Amino acid sequence: MHSRLYAIIAALVVCLSFNPSAGAEVDVLIERLKKVGREGGGNSNAAKAWQGLVQQGSPALPAALKALNDSTPEASNWLRSAVDAIAERTLAAGRPLPTRDLEAFILDKTNGPHSRRLAYEWLCRADKTAPDRLLPGMMQDPSPELRRDAVTVVLNQAKQLLDKPDKPAATAAYRQALAAARDKDQVDEIAKQFKALGVTVDLAVHFGFVQQWHLAGPFENSDGKGFAVMYPPEQGVNLTAVYKGKKDDELRWKEHATADPYGMVDLNKGIAKHMGATGYAFAVVQSVAEQPVEVRVGSNNAIKVFLNGKLAYQHEEYHHGNAMDQYIAKGTLQAGRNEILVKVCQNEQKEEWAQSWSFQLRLCDSVGTAIPLKKP
Amino acid sequence: MIRSILAGIAPILLTLATTVDIAYSGQRAQGPGPKKAWPQFRGPNGTGVSADTGLPTTWSTTENVAWKAELPGRGVSCPVVANGRVYLTASSGFRQDRLHVLCFETTSGIKLWERQFWATGLTQCHPKTAMAAPTPVTDGDRVFALFATGDVVGLDRDGNLLWYRSLARDYPPISNNVGMAASPVLWRGTLFLPMENAGASFALALDKHTGQNRWKVDRQRGINWVTPLVIENGDSATLVFQTKAEATAYDAETGRKVWEYEAGLSEVSTPNLGENGAVFVAGGDFVALKPTAKDAVPEVLWKSNKLRMAYTSAVIHQGRAYAVNNAGILQCADAKTGEALWQLRLKGPFWASPLIAEGRLYITNEEGLTSVVQLSNDPAILATNALGEPVTATPAIAEGRFFLRTDKHLWCVGEKKP
């Protein structure tokens, strides 16, 4: 009797799950959500669509997750909060999440990294065995967050091997972790353990920091006015040119190589210590093919980054903090020669903590993997 | 047919909605506010004063703790409380790009819902702070959360998303590599956002129902952490925004500048409203201002270089001004004259601002130690209560209890309730 009842309920659930009109309604609601625009445009319609979508319950999850693949950042936040609300309310009501659908979505790497991570987190809440099952296959995952968790598992294994102690096995595990690790804290932990194990690691190469530069400066930046001035290097770099700089000094490009493990270029040393000054750094890299690139920069100074003569990123802020990957410019490397020009402006603050005039720049993909470059 | 019915009742619904807004903000303006609500940064109208009674004076990790809830991320934002719910924000992820809005039941500490958003602005900040730094604000039925990334959301009390804005995409560049932390405030149907930063700086008024702009005015460029002050005056209100160089009042309805006071002011401490209508602004001097005619420079009632503070804000209560300085000295002055009355050494340093309830001043230091001071002409430290976790957020007081956000938990300190 009970088994027949369960069978009927299961059939009803299946029918509801695959109700074509429900699916069509979900699609309509998702399209309304995706129409949100800048300055709150479409918010009122989206709020109604959001409630409608959430009321559809867990059958709407796969479509809502899929919709994240090609949504604007605004629409993505509407959709992700709807996914959260659906999943949260489903579990609170004691109903199951569609774990098979979620896992299939996660394993399909054509789906976006954000949406796969979102699906993964809800799958893990419903199925505690999911991390052990999925993470070992995620060491090279295109989702930085999934990859990070996979690396964490291997780092924990490496630590256990080190504590045994089984140094060869630990070293092998740390090598496996390094091959996958892209986040600075994880890479730093591996480098620290490698140092104790007597293994050398080139962090600058691992992260893809540009280390060979030509520097020119100082140009004027009194009162911060130099940031907006297009000095001659911005009109095209000629490494043999002679420029007129701050105080009418004659400026020439000079080679500069940084040995800093995180690619930091110190203009106070590479040019000389100046305040109210603008410096330029120029590098040429050879790409094996045309490929998308993220130019990731960190600096305490106001900066502009030009890729192949075009402004790729600018940020005018002084001495409020510096971090690796602080600013990210997305662009394309052309096959062969590519020119990178960085403008670094120093202001006139007198505090000790405001004396740095420096930057770091790396070329990587969206996961943070160093772009393979040809030898110059 | 349905359309015509809707068209007929729309004005009534609109009137009702407006009436509800007026009713709520009216309560806020009449002093400490409704007993059960702590709706924004530093409580009712940002006063730092609670009318609650029955608050504990002693607690520890095991004594007088009603409940404790784990948090999914970091934050220096403060809890806000209304209608049996406590709302809080947090941020998480290696890049601090996961933004959380959380809702707990006040009686049990059960998490009722959590919504997450992906950051659309820059996430770099000083290690002391986080992307969940601005305190959310609630009107009792809805909660509005601004993050240091420029993402701002409106949610109803059940966690339904009402609207979302990415200010970093609407008005680039928005940046403060130290980390933005000024909190939004509400007046009637409008949410006000202080967006002074190293990039495009502005004050923004949003329709709280839709998140769409009501007005936007340019503000002085520069990083800043001051939460604006709402001064209600009958059917109108002014908003006082403050940076290190000026305090400017804007008409809440239109964004028109009403008055401006230029001086070296604090870029952290929020302005206060005195019981006699004076506006107190902190900085090199603590200044009592009396706004006079519109478009005029306010009259300076008094200045004092004795009331100094670093990262905290002052409290004005029953004719006295209280402030704690960087060395942990609690200072008290006459709010009418600025005359220094007494001072008391406490154990700092402090990031959280002092609060006053039942004639006692409560202030929590960065180690999570709360000093309880009996206020009088002869003040006394009644107790020092440790929670053993770092605290940078100002606690909330509601329903006769404290809600303290430590580094990893939300604590409810007070009697357990069924």
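Residues numbered from 1 in each chain as written. Chains lettered and ligands numbered in written order. Predicted model: local features only at pLDDT ≥ 70, side-chain atom pairs only at ≥ 80, totals over all residues.

Points about the overall build of chain A
Part 1 of the argument: A count of helical and extended segments in chain A gives 13 helices and 13 strands.
Part 2 of the argument: Dimensions of chain A, computed from C-alpha atoms along their principal axes, come out at roughly 95 × 60 × 45 Å.
Part 3 of the argument: Looking at chain A alone, contacts between residues at least 24 apart form 70% of all its contacts between residues at least 6 apart. (Helix = DSSP H or I, 4+ residues; strand = E, 2+ residues; numbered from the N terminus. Contact = placed C-beta atoms within 7 Å.)

As for the overall build of chain B
Part 1 of the argument: Secondary structure assignment for chain B yields two helices and 33 strands.
Part 2 of the argument: In summary, chain B has a C-alpha radius of gyration of 20 Å against a globular reference of 22 Å for 418 residues, a match within 12%.
Part 3 of the argument: Taken along the three principal axes of its C-alpha coordinates, chain B extends 70 × 50 × 40 Å.
Part 4 of the argument: In chain B, which comprises 418 residues, the proportion classed as buried is 56%.
Part 5 of the argument: Within chain B, residue pairs in contact and separated by at least 24 positions form 50% of the contacts whose partners lie at least 6 positions apart. (Rg over C-alpha atoms; globule rule 2.2 N^0.38 Å. Buried ≥ 20, exposed ≤ 12 C-beta atoms within 10 Å, placed from the backbone.)

Looking at the confidence of the model for chain B
Residue and element names in this part refer to chain B.
Part 1 of the argument: Summarising the model, chain B shows a mean pLDDT of 91, and 91% of its residues fall at 70 or more.
Part 2 of the argument: In this model residues 1-34 is a low-confidence stretch, pLDDT under 50, and it forms 24 contacts with partners more than four residues away in sequence or in other chains.
Part 3 of the argument: Predicted complex metrics record ipTM = 0.92 and pTM = 0.92. (pLDDT = per-residue confidence, 0-100.)

Things to note about the interface of chain A and chain B
Part 1 of the argument: At the interface, 28 residues of chain A touch 30 residues of chain B.
Part 2 of the argument: Of all the secondary structure elements, the ones that give two or more residues to the side of chain A that touches chain B are α3 (43-55) and α5 (73-92) of chain A.
Part 3 of the argument: Classifying every residue of the side of chain A that touches chain B by side-chain character gives six nonpolar, 12 polar and 10 charged. (Nonpolar A, V, L, I, M, F, W, Y, C, P; charged D, E, K, R; others polar.)

A closer look at the sheet that holds strand β14 (residues 213-218) of chain B
Residue and element names in this part refer to chain B.
Part 1 of the argument: Spatially, the four strands line up as an open sheet ordered β11-β12-β13-β14, and their pairing is antiparallel. The open sheet is flanked by β11 (185-187) and β14, the only strands paired with a single partner. Adjacent strand axes in the sheet meet at a mean angle of 20 degrees, parallel and antiparallel pairs treated alike.
Part 2 of the argument: Inspection of the sheet shows β11 paired to strand β12 (residues 190-195) by three bridges, in the antiparallel sense. Opposite L186, over in β12, you have L191 as the bridge partner. (Pairing = 2+ DSSP bridges. Axes fitted to C-alpha atoms, helices over the stretch in contact; angles between N-to-C directions.)

A closer look at the packing of helix α9 (residues 144-163) of chain A against helix α11 (residues 184-197) of chain A
All names here are of chain A.
Part 1 of the argument: As a packed pair, α9 and α11 sit with axes 11 Å apart at the nearest point and diverge in direction by 20 degrees. Here α11 runs roughly parallel to α9, going by the angle between their axes. The hand of the α9/α11 crossing is left-handed. On α11, the residues that touch R148, V151, L155 and L162 of α9 are Q186, E189 and Q193.
Part 2 of the argument: The residue makeup of the contact of α9 with α11, split by class, is three nonpolar, two polar and two charged. (Parallel < 35°, antiparallel > 145°, perpendicular 65-115°, else oblique. Left-handed = near helix turned anticlockwise from the far one by under 90°.)

Some details on the domain arrangement of chain A
Residue and element names in this part refer to chain A.
Part 1 of the argument: Domain boundaries in chain A define domain 1 (2-128), domain 2 (144-201) and domain 3 (207-374).
Part 2 of the argument: Taken over C-alpha atoms, the centre of domain 2 sits 32 Å from the centre of domain 3.
Part 3 of the argument: Taken together, the contact between domain 2 and domain 3 spans four residues of the former and four residues of the latter.
Part 4 of the argument: Classifying every residue of the side of domain 2 that touches domain 3 gives one nonpolar, no polar and three charged. (Domains from an automatic or database assignment.)

Description of unusual backbone geometry
Part 1 of the argument: The omega torsion of the bond from A:K164 to A:P165 falls at 5 degrees, within 30 degrees of zero and hence cis.
Part 2 of the argument: On the secondary structure map, A:P165 appears in the loop between α9 and α10 (167-180).
Part 3 of the argument: Look at the link from B:G348 to B:P349: it is a cis peptide, with omega at -5 degrees.
Part 4 of the argument: Here B:P349 shows up in the loop between β26 (340-345) and β27 (355-357).

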